[in-house]
Structure formats: structure tokens, C-alpha cells
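Reading the structure
The residues making up each chain are set out below.
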Amino acid sequence: MDHFQYQNGELHAEGVALRDIADAVGTPFYCYSSETLENHYRVFADAVGGLDATVCYAVKANSNIAVITTLARLGAGADVVSAGEMKRALVAGVPASKIVFSGVGKTADELAVALKAGVMHINVESAPELEMLSEVAASLGLEANVSIRVNPDVDALTHEKITTGKSENKFGIDWADVPATYARAASLPGIRVAGIAVHIGSQILDLEPFRKAYGLVAELVATLRADGHAIEHLDLGGGLGIPYVGEQAPSPQEYGAMVQAIVGDLGCRVFFEPGRLIAGNAGVLVTRVIRVKEGATRSFVIVDAAMNDLLRPTLYEAHHDIVPVSEPEDDGEGQVMDVAWEVVGPICETGDTFGEPRALPATGAGDLLAIRTAGAYGAVMASAYNTRPLVPEVMVKDDAFFVIRDRISVDDMLARESVPDWLTDGGGARREASV
Ligand code: LLP
């Protein structure tokens, strides 16, 4: 359930007409519903409430500090994968004691920042990272709380680019190496290892892969405890999928019951890292039709948003529903275009598309469209390709809206660039390169 519904013929975010936001900030823009974010967090937290659980929102899904703050105020922790995300989480009021630091490529500097901040856990993904963390922690006179991320070699049955738990993926420690890695961790200075982490992928629509992976982790708890390791907590990752095209996704309650059945009796604290489930349906990308172009074999609705603003359709062949901001008349006749229309952006690539051609209600230049389910992995994956500056993000609460990120201007972009002095004939660079 989300809070983007038609009221009086206009699509609203909660109590605010998207058209009013478009008038105020221009298009394209991302719009998020606070109520939807909060609701999704609460539903998930309740679903795992029978466990000693902490929900660490995966900041990568939508890292705007207003989004993180909204969730932090409900008690959410954060799963971060860079020093930048860590800073965002801290600025948004997530206590360091609820931050998990994940990722395969943490640098020594990032590890030091995390240790100094006092993050709850660092999920270590390789033997060399473990050695590096030990050195960094020992040099700072600190102890790192570590979970080892294991790779269970389980197929999450999702898109290959977001599958992370197969042995050919770069993530986690190979299953056969896990006992030796814990033994090594136990012997290293500056390391306190007390947890197991696992995350097998994203947009997972079937509970079976989770069941398999968590079952293996439960067996591992017994093995590692028998080896003398105190396994106190499990980080079960994120990954629960959401409907984009009306797919049947397992409910958080079904997921929670499955987890409870598998790990409920192990006496462990359990961490979860949902991202998409919380933010996905809490956001839309609003765009304006520039023109409609009828082609010989296909027709196009050309809009002012593009693949740089929402990369998912071209990167993952992802489907996002697209609806007009003005509610189409419901007479069932003459509204749905009988040809398939492809909604595309202005970028000079055929991949600049918002998905497969589809039937759309009649639309023309100047109309506003909303691309749905764009709250997760939308704005965070945007680029400025084709010198198309990052678009604003707006948050709605009840009848109020607030611009939570300004539109970046082309001048802002140019101000960060400089021409070297050998190209300026002594005329001076526009700006000294910063070191
Ligand atoms: N924890 C870890 C260690 C992760 O790598 C991820 C996502 C999550 C949690 C959150 O997963 P979620 O609950 O959101 O599925 N850009 C892609 C998704 C990439 C997911 C990467 N890792 C997309 O747009 O579909």
C-alpha cells in the first residue's frame, strides 16, 4: 500500500497534488511519501518483532538524509557501504551503535572512520579485509566488532546483476573457507568476531532461497560454536522483493515467520537490512511529456526525465508502471492508446527508455506522468550524463511538501570544472584544481 492515489482527478502524494509540486519545483523531480516510508518500516519491524531484531535500513536504496531521518526517528538502524553513507546515517541521527558497515571494498581510511565513529559491526567480506581491519584497529588501539559475511552459494532467483550469494559473485567468504576465517579472526589483534552475515541478493520474490541460505547459516552457528566461537548475532541482509508489475511478493509476515522458524531458537540477536521494501513504493519520479513522436514501427512518448535520472529500466530491464498525473477518464473507450507507446527520455541512446512499449491513456505535450515505484535505487543511482543535472527530491507529509534536495544547476556543475593553464594562453584557469 502506498500513498500515491488519485483525488479529485489528480494524482496526489498523501494530501499534496503532484501538479502543485511540479508548478513549484519544475520537472522532473522525485517525490517521496513519509507516511509510506514509515508504514513500510513499521510493517517490517512488526513482522520480525518476535525476534531480538534490529532493522538496519539499507541506506543505498535511498540515502537522502530526510529519508534516513524519517526512519531513524522510528528507531531504525542503518546498513551503510561507504564512508559517505556512514556520514549520512550519522547526520540523520542514526546512532553509531545501530550502524552496520558492509561492502567488499572498504578502504583502510573508511575502516578507520568506522572504528572511530564506533559503528556496531563491520561485516568483513574477505581474508585480506580481515587482516587490514586488524591492522587498522590495532593501530588505533580499538577493537572492531566483526561479522563475517559468508557466501552460501545459493541462487536468489533474481536478476543476475543483483544476485550476490552465488560462489561466482564477489561477495562474502567461500563456504569452505568459513571455519578457517573465523579461526584466523579469533587470533588477530583488534578483532572481536561474534556474528555471521549473509545477503544473497535483491528483489527476491520467492522465500525458498532465503530459507536455504538461512538454514545453512543456522547449521553454521552450531559448527562455529562447536569450534569455540561465541556467535551472538546474525545479520540476515535485505533482499525481500516488492511488486513492480503486480508480481506476487512474499509478505513481510511470511518472511518473518520463516526467519523465526529457522533462527528463532539460536539465542542470537538478529539484524535485517531491507532497502527496497521500505523505500521502493514510497517514491515516484514525475516527468513532463515534451512531445509525442509517431514512428513507422513504434511510437514514442518523449519525456523530460531520462535514463540518467532512473537507470533501472535500461540496466536491469526493470518495469516501472507509468501513470498520468491527471486521472484518465474512466469510460474505457478511446482512452487507452491502441498502439504500444514507448516512454523514452531525450538522451542519445536507444537504452534511454522507461521500459517496454505499453498501452497508455491518451497523452500529449505538456502532460505530467508519474513513474511509480521509484523510491528505491532511483535518485541514488542518478548521474549527470548529457549534462542533465541531478533532479530535485521532494518529501511530502500530509498536506505539506518540502524540497529535500535542490535541483543542481548546470552552473553548479561547471563551477567544479577547470581548464588547465596550458590551454588558457596565460589567461588563467577558471579555477585552480583542488588537491
Ligand atoms: N544489504 C546488502 C549487503 C546489500 O548489498 C543490499 C543491496 C541490501 C542489504 C538491500 O537490499 P534490498 O532490501 O534493497 O533488496 N540497484 C539495484 C539493487 C541493488 C541492491 C544492492 N544491494 C536495483 O535497482 O534493483
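Everything below is about the structure shown above.
Report follows, based on the coordinates. (Residues numbered from 1 in each chain as written. Predicted model: local features only at pLDDT ≥ 70, side-chain atom pairs only at ≥ 80, totals over all residues. Heavy atoms only, no water.)

For the ligand, the set of nearby residues contains 18 residues, the closest of which are Ser202, Glu273, Arg312, Tyr316 and Tyr377. Between the ligand and tyrosine 316 there is a distance of 2.8 Å, counted from a nitrogen atom to a side-chain nitrogen or oxygen. In the environment of the ligand, an oxygen atom lies 2.6 Å from a nitrogen or oxygen atom belonging to the side chain of tyrosine 377. For the ligand, whose unbound accessible area comes to 590 Å², protein coverage reaches 92%. In this structure the site holding the ligand corresponds to the largest pocket. Classifying every residue of the shell around the ligand by side-chain character gives six nonpolar, six polar and six charged. Of the domains in this structure, domain 1 (4-31 + 280-414) and domain 2 (33-278) are the two that each give at least three residues to the shell around the ligand. (Near = heavy atom within 4 Å. Polar contact = N/O pair within 3.5 Å; in protein donor to acceptor, adjacent residues only side chain to side chain. Areas by Shrake-Rupley, 256 points an atom, 1.4 Å probe, with all protein chains shown as cover. 1 Å grid on protein atoms, 1.4 Å probe; cavity = no way out; pocket = protein on both sides within 12 Å on 5 of 7 lines; lining within 4 Å. Sits in = over half its atoms within 2 Å of the grid points. Nonpolar A, V, L, I, M, F, W, Y, C, P; charged D, E, K, R; others polar. Domains from an automatic or database assignment.)

Quick look at the pattern of salt bridges now. Tallied over the entire structure, the rule returns 13 salt bridges. A salt bridge links aspartate 2 to arginine 372; the shortest N-O distance between them is 2.6 Å. Of this pair, aspartate 2 sits in the segment before strand 1 (4-7) while arginine 372 sits in the loop between strand 18 (368-371) and strand 19 (393-397), placing them 370 residues apart in sequence. Exposure class is identical for aspartate 2 and arginine 372. Each is buried. (Salt bridge = Lys/Arg side-chain N within 4 Å of Asp/Glu carboxyl O. Helix = DSSP H or I, 4+ residues; strand = E, 2+ residues; numbered from the N terminus. Buried < 20%, exposed > 50% of the residue type's maximum accessible area, 1.4 Å probe, protein only.)

Compared with an ideal rise of 1.5 Å per residue, which puts 12 residues at 16 Å, helix 9 (residues 252-263) spans 16 Å between its outermost C-alpha atoms and is within 8% of the ideal. Among the residues of helix 9, those classed as buried are Pro252, Tyr255, Gly256, Met258, Val259 and Val263. Summarising the axial view, the buried residues of helix 9 lie within an arc of 160°, below the 170-degree limit, and thus occupy one face. Where helix 9 is buried, its residues touch helix 2 (34-47), helix 8 (207-226), strand 12 (233-235), strand 13 (269-272) and helix 10 (276-279). (Expected span 1.5 Å × (residues − 1). Arc of directions from axis to C-beta. Contact = heavy atoms within 4.5 Å.)

The next subject is the sheet that holds strand 1. Taking strand neighbours across the sheet as the criterion, the three strands line up as 1-2-3 in an open arrangement whose pairing is antiparallel. Unpaired on one side and paired on the other, strand 1 and strand 3 (16-17) mark the two borders of the sheet. As defined by bridge partners, strand 2 (residues 10-13) adjoins strand 3 across two bridges and the pair is classed as antiparallel. If you follow alanine 13 over to strand 3, its bridge partner there is valine 16. (Pairing = 2+ DSSP bridges.)

The values reported here are purely geometric and, on their own, carry no functional implication.
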